[in-house]
There are 2 protein chains.
Amino acid sequence: MSDVYVIGVGMTRFGKHPDRSATDLGAEAALAAIRDAGIEPRQIEGAYCGHVFQGMAMGQRVLAHIGIAGIPLTNVENVCSSGAVSIREAALAIRAGEHDVVLALGVEHLTSKFQGALAPDPDDVEAAVGLTMPGIYAMRARRYFEDYGVGRGELALIPVKNKGNAALNPFAQFQEPVTVEQVLEARPIAEPLGKLDCSPVTDGGAAAILVSASAAKRLNGKAVRLAASSLRTGTVDAEPTPMTFEPLTNATARDAYERAGIGPEDVSLAEVHDCFSIAEALRVEGCELFPRGEYLQAVERGEAAIGGRLPVNPSGGLLGKGHPLGATGVAQVVEIVRQLRGEAGGRQVEGAKVGHAHSRGGKAAGVEGAACTVQVLVR
Amino acid sequence: MSDVYVIGVGMTRFGKHPDRSATDLGAEAALAAIRDAGIEPRQIEGAYCGHVFQGMAMGQRVLAHIGIAGIPLTNVENVCSSGAVSIREAALAIRAGEHDVVLALGVEHLTSKFQGALAPDPDDVEAAVGLTMPGIYAMRARRYFEDYGVGRGELALIPVKNKGNAALNPFAQFQEPVTVEQVLEARPIAEPLGKLDCSPVTDGGAAAILVSASAAKRLNGKAVRLAASSLRTGTVDAEPTPMTFEPLTNATARDAYERAGIGPEDVSLAEVHDCFSIAEALRVEGCELFPRGEYLQAVERGEAAIGGRLPVNPSGGLLGKGHPLGATGVAQVVEIVRQLRGEAGGRQVEGAKVGHAHSRGGKAAGVEGAACTVQVLVR
C-alpha cells in the first residue's frame, strides 16, 4: 500500500464539550486537517466518517456544516475502532483509484449519549452477570498479575505515564500528571482497577486528509506514508481468547507488519488502545512490541516513556488524551503524523521514523463484536 | 469498474418478524447468498454491513452467528442508502485489490426500533413545523400535480402497480394486489398521500457476494457484472432543491451512466427508491428514465409495468416489497441479479440485459443528510 499518504491532520481538544454538538466538533477537526494539508475544502473528493452513537448521517451533517456538497461520503462503525476504520476505508478508496483526496473523519459527542447508550441490553447475558467492560478488564488484570508475578503497584505506572504524557499535549482531556499514590487511592471501579485506570467519557473530533501518490506530489504537502491499514474482526481461533493475550490483536499486527515490510523492532513509537491500564500491556504484547508478560517491568525501567526505547502512547493515549470513541482511531493517526513530522512539541519522540497505531473495539471476552485495526505510518 | 461481479444473492422474506432478531435475519440472507454463489462461508475474504438503527457491531454479530471469523468487516450507514453503500464499499475493496470475494449485507429489524428511532429530535426544526417525511412528500406531490396537470387518480396507479408486482414476489411483505379505489380510500397520512402511498415498517435482510474478475472465472458462478456503483451526498447545487426534480439523483445517475458506458435508454428494468408513491416519479425522472412530468401518464399507458417499455420496481419496490432501511439497497441488487439471470418467475422481465438500482436517503427537503446511490448491473 505504498501509494497512500497523509498530508494533513487536525483535531479538537478532547474533553467535555456540553455546549457543542458532534457536528461542530467534526467540522472543527475537518477544517483543521484541510488547513494543515494546505488545500481548499472543494479539493476533497470523497469522505468517510467514523462514529458510534451519533445517529443517522453524522458525516453528512459535518460536510453540510463546512460547505462541502455533492461528494461521496460513507459513515462507518466498528465499535471503538470506528475512527480507525474511516482511515482504512479512505485508503481503500484511493487504492481503488476512486479518489485522489479523501477526508477521514472521526467524531463523538459521548457526554450527551453515554447514559442511554449504556442502558442494559436485555439480551446481553454477559453484562447481566457483571461482565461489563471494567469487570472484564479487572479479571484480565488479575490473571495477568497471577501469570506474570506482577501487581497493582506496577500496573499503576501506566496511568502515571499516560496522564503525564497528556499533560504535554494541549489537545488532551487531562492536563495534570498523576502520581502512583493518586492512582492507587482513586475510587475503585472494578478491583484492582480504580478510576484512573479507566479511560474517561470524552467528546471530540479528529480528521486526516489521505491522498494518492500523484496527489501527494502535486499538492506538495508534508506527506507521511500510510504503509499499512489492517483490519480484522471476530475471533481468529476456534478456541476461547486467552485472558492475557489477544490473538485478534496479534493477527492484525502481523498482517500490518507484513504489508508495511517491517517488523515490530522497527517501530519508533506506538499509540495503542489503552481503554484500561491493563489493556495497554495486552495490546503492546499482542503486537509483539514488548515480550509477553514483561511490559510492566519495561514501563518501570522507562522503556515505554518518551525518550525510552519505544514510547507508547506519547499523546497520552485513551487514559490521558480521552476516548471519544469514533474520534479515537483518527486521533492516533493525528499524533503519529505530528510525531513523524517533528511537530509534537514537548512530547516529541526524537528521530521518529515509523509510527504504529492499534485500535480495538467490541466485547473483550466474547466472540461477537470484536474489531481490531493496526496502522503503520512511515516518514 | 469492469472488474466487479455479483455471483450470488439472497434475502429473507421482508415483513414483520417480531420473533426474530436482526442477527438472525442477516444470517439467513448471508447464507442464502453464499449458497447461491456456490461457495463456502470460509471463502469470504471481507464484508460490509449496511444498517441504520441496529446498534454497535451489527455485521460482526451476523458473522459470528454464521461462523465466519477473523476477516475484515466494516459497518456502514448512509440513512436509507445504507444497504446500497455496502455494495459500493465492497466493490471498492475489490477494485483496490484488497479482496477477491466480499459479502455485502444489509439488515434492519425496524419493527423493534421504529418508535424510539423516530422520537422527535429537539434540534430538528423541520420536523417541529410538520416537515416530517410524509409531510414533505405530500407537498412534493401537490407541486407535481400543479406543475404537470395530473392528479390523485394517476398517482394511485403507482401503488397499484407496485403492490401488484409484490404479489408476484414470494419475498415481498405484501402478497395481495390493490385497486385504485383501495388506494384512494385508504387512511389519509398527509394529503394527498394515503396509507397505501407510503412504504411500510419492515424487517428483513439481503445479501450479495461480490467478486473480482479472476474470482468470477475461478468460481465459475452465474456472474452478473456491476458496471457502476455511484454515490453522491449532500446537495450538488447552491440553489434550493426544486420540489419536483432531484439534482442529487440526477448527478448520481449521470455519473453511473458514464461509468457503465450506457445511457438511460439502455436500461431494461429499474428498481428505484419509492419510499412514497410520488417518490417513484421523482426518481425515474431524476434518473432520466422517463421525461420530466410525464411519468404518471407513462404508468397509465403501462410503460412501467412488467412487460412494458421499461419496468419500474418489478420486485414490488419499497411500497410492495417493504422497506427495511439497511436491507433495501441490497434487495434491489438481489432483484436485478435474479432478473438478469432469468430467475424472477412470474415477474420476469423478458430479455433483461441492463438493470438499474436507485436508492436515496436522508431529508428530502434539507441539505443535510442526503445520500444517493445508483448502481448499474449488466448481464
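Calculation notes
- Residues numbered from 1 in each chain as written.
- Chains lettered and ligands numbered in written order.
- Predicted model: local features only at pLDDT ≥ 70, side-chain atom pairs only at ≥ 80, totals over all residues.
- Heavy atoms only, no water.
- Helix = DSSP H or I, 4+ residues; strand = E, 2+ residues; numbered from the N terminus.
- Rg over C-alpha atoms; globule rule 2.2 N^0.38 Å.
- Contact = heavy atoms within 4.5 Å.
- Lys, Arg positive; Asp, Glu negative; His and termini not counted.
- Charge placed at Lys NZ, Arg CZ, Asp CG, Glu CD.
- Core = buried A, V, L, I, M, F, W, Y, C linked by side-chain atoms within 4.5 Å.
- Buried < 20%, exposed > 50% of the residue type's maximum accessible area, 1.4 Å probe, protein only.
- Axes fitted to C-alpha atoms, helices over the stretch in contact; angles between N-to-C directions.
- Parallel < 35°, antiparallel > 145°, perpendicular 65-115°, else oblique.
- Buried area = accessible area lost by both parts, 1.4 Å probe.
- Salt bridge = Lys/Arg side-chain N within 4 Å of Asp/Glu carboxyl O.
- Polar contact = N/O pair within 3.5 Å; in protein donor to acceptor, adjacent residues only side chain to side chain.
- Nonpolar A, V, L, I, M, F, W, Y, C, P; charged D, E, K, R; others polar.
- Pairing = 2+ DSSP bridges.
- Least-squares fit on C-alpha atoms with pLDDT ≥ 70 in both.
- pLDDT = per-residue confidence, 0-100.
- Expected span 1.5 Å × (residues − 1).
- Phe/Tyr/Trp six-rings, centres within 6.5 Å; stacked < 30°, edge-to-face > 60°.
- Lys NZ or Arg CZ within 6 Å of the ring centre and 35° of its normal.
- Disulfide = S-S within 2.5 Å.

Draft legend 1. Structural context of the overall build of chain A. Helix and strand content of chain A: 15 helices and 11 strands. Its C-alpha radius of gyration of 19 Å places chain A within 12% of the 21 Å reference for a compact globule of 379 residues. For chain A, the spread of C-alpha atoms along the principal axes amounts to about 55 × 45 × 45 Å. For chain A, long-range pairs separated by at least 24 residues make up 78% of all intrachain contacts whose partners lie at least 6 apart in sequence. The averaged location of the 44 negative side-chain charges in chain A is 4 Å from the averaged location of its 36 positive side-chain charges.

Draft legend 2. How the structure looks around the nonpolar core. Grouped together as the largest cluster of nonpolar side chains are 72 residues, with contacts concentrated most on Ile87, Leu210 and Leu377 of chain A together with Ile87, Leu210 and Leu377 of chain B. Once residues within four sequence positions are removed from consideration, isoleucine 87 of chain A is found in contact with Ala104, Ala208, Leu210, Leu226, Ser229, Val330, Val333 and Gln375 of chain A. Within the second largest apolar cluster, 45 residues are counted, among which are Ala141, Ile158, Ala190 and Leu319 of chain B.

Draft legend 3. View of the packing of helix α3 (residues 82-95) of chain A against helix α15 (residues 325-340) of chain A. Residue and element names in this part refer to chain A. Where α3 meets α15, the closest approach of the two axes is 4 Å, and the angle between their N-to-C directions is 60°. Judged by the inter-axis angle, α3 sits oblique to α15. Across from Ser82, Gly83, Ala84, Ser86 and Ile87 in α3, the residues of α15 making contact are Gly326, Gly329, Val330 and Val333.

Draft legend 4. Geometry of the interface of chain A and chain B. On the chain B side, the residues contacting the 43 residues of chain A number 43 residues. When chain A packs against chain B, the two sides together hide about 3,300 Å² of surface, and 53% of this comes from carbon and sulfur. Summed over the three residues of chain A that lose the most area to chain B, namely Met56, Glu98 and Thr233 of chain A, the buried surface amounts to 17% of that side. Between chain A and chain B we count six salt bridges in total. Residues arginine 88 of chain A and glutamate 98 of chain B are paired through a salt bridge, measuring 3.7 Å at the closest nitrogen-oxygen approach. Joining chain A to chain B, the criterion identifies 32 residue pairs in polar contact (both at pLDDT 80 or more). Ranked by residue count, the leading element in the side of chain A that touches chain B is α3 of chain A, at six residues. For the side of chain A that touches chain B, the residue count by class is 22 nonpolar, 12 polar and nine charged. Relative to strand β3 (residues 73-77) of chain B, strand β3 (residues 73-77) of chain A is paired through three bridges, and the arrangement is antiparallel.

Draft legend 5. Structural view of the relation of the copies chain A and chain B. Note on the identical chains: chain A maps onto chain B by a rotation of 180° and an axial translation of 0.0 Å, with an RMSD of 0.0 Å. The superposition operator between the copies reduces to a two-fold rotation axis. Of the C-alpha atoms belonging to chain A, the one lying closest to the rotation axis is found on alanine 96 of chain A, 1.9 Å away. Here 100% of the contact residues of chain A are again contact residues in chain B; the copies associate through an equivalent surface.

Draft legend 6. Geometry of the confidence of the model for chain A. Put simply, chain A has an average pLDDT of 93, and 92% of its residues get 70 or more. If you check the scores for this complex, the pTM reads 0.96 and the ipTM reads 0.95.

Draft legend 7. Focus on helix α11 (residues 247-260) of chain A. All names here are of chain A. Along its 14 residues, α11 runs 20 Å from first to last C-alpha, staying within 8% of the 20 Å computed at 1.5 Å per residue. Along α11, 10 of the 14 residues are buried, which leaves the element largely enclosed by surrounding structure. Along α11, the positions that sit buried rather than exposed are Pro247, Leu248, Thr249, Asn250, Thr252, Ala253, Asp255, Ala256, Tyr257 and Ala260. On its buried face, α11 sits against β8 (224-233), α12 (277-286), β10 (354-361) and β11 (371-378). Two residues or fewer after α11 comes glycine 261, characterised by a positive phi angle close to 70°.

Draft legend 8. Quick peek at the pairing of strand β2 (residues 46-50) of chain B. Residue and element names in this part refer to chain B. Counting buried positions over the five residues of β2 gives five, a clear majority of the element. In this sheet, strand β4 (residues 101-109) lies alongside β2 in parallel orientation, the contact comprising five bridges. Paired with glycine 46 across the bridge in β4 is valine 102. As paired strands, β2 and β3 are joined by four bridges and run parallel to one another. Each bridged residue has a counterpart across the sheet, and for tyrosine 48 the counterpart in β3 is threonine 74.

Draft legend 9. Quick look at unusual backbone geometry. Between glutamate 191 of chain A and the following residue, proline 192 of chain A, the backbone shows a cis peptide bond with an omega angle of 15°. The residue proline 192 of chain A is located in the loop between β5 (188-190) and β6 (193-194) in this model. The backbone of valine 79 of chain A sits at a positive phi, close to 55°, despite the residue not being glycine. One non-glycine residue, glutamate 288 of chain B, lies in the positive phi region at around 60°. With respect to the helices and strands, glutamate 288 of chain B occurs in the loop between α12 (277-286) and α13 (295-300).

Draft legend 10. How the structure looks around the packing of aromatic side chains. All names here are of chain B. Taken as a whole and assessed by the stated rule, the structure comprises six aromatic pairs over all chains. An angle of 65° between the planes, with centres 4.8 Å apart, marks the rings of tyrosine 144 and tyrosine 148 as edge-to-face. Here tyrosine 144 and its partner tyrosine 148 are both found in helix α6 (residues 133-148), four residues apart, which amounts to about one turn of the helix. With centroids separated by 4.8 Å and ring planes inclined at 70°, the aromatic side chains of phenylalanine 290 and tyrosine 295 adopt a geometry described as edge-to-face. Neither phenylalanine 290 nor tyrosine 295 differs from the other in exposure class; each is buried. Sitting over the face of the ring of phenylalanine 245, arginine 292 holds its NZ or CZ atom 3.9 Å from the ring centroid.

Draft legend 11. Expanded view of the pattern of salt bridges. In this structure the tally under the stated criterion is 46 salt bridges over all chains. Notably, a salt bridge pairs arginine 259 of chain B with glutamate 98 of chain A, separated by 2.8 Å at the nearest N-O pair. In this pair, arginine 259 of chain B is assigned in helix α11 (residues 247-260) and glutamate 98 of chain A in the loop between α3 and β4 (101-109), connecting two distinct chains.

Draft legend 12. Structural detail: helix α15 (residues 325-340) of chain B. Look at α15 of chain B: 24 Å from first C-alpha to last across 16 residues, which is about the 22 Å you get at 1.5 Å a residue. Following α15 of chain B by one or two positions, glycine 342 of chain B adopts a phi angle in the positive range, close to 75°.

Draft legend 13. Structural view of the side chain of serine 359 of chain A. Summarising the element assignment, serine 359 of chain A is placed in strand β10. When near neighbours in sequence (up to four residues on either side) are disregarded, serine 359 of chain A contacts Cys80, Ser81, Ala84, His273, Gln332, Ala371, Cys372 and Thr373 of chain A.

Draft legend 14. Focus on the state of the cysteines. Residue and element names in this part refer to chain B. Within the structure shown, the criterion is met by zero disulfides over all chains. Looking at cysteine 80, it has no disulfide partner, and the nearest cysteine sulfur is the one in cysteine 275, 6.9 Å off. As a non-bridged cysteine, cysteine 198 has cysteine 275 as the owner of its nearest cysteine sulfur, 9.3 Å distant.

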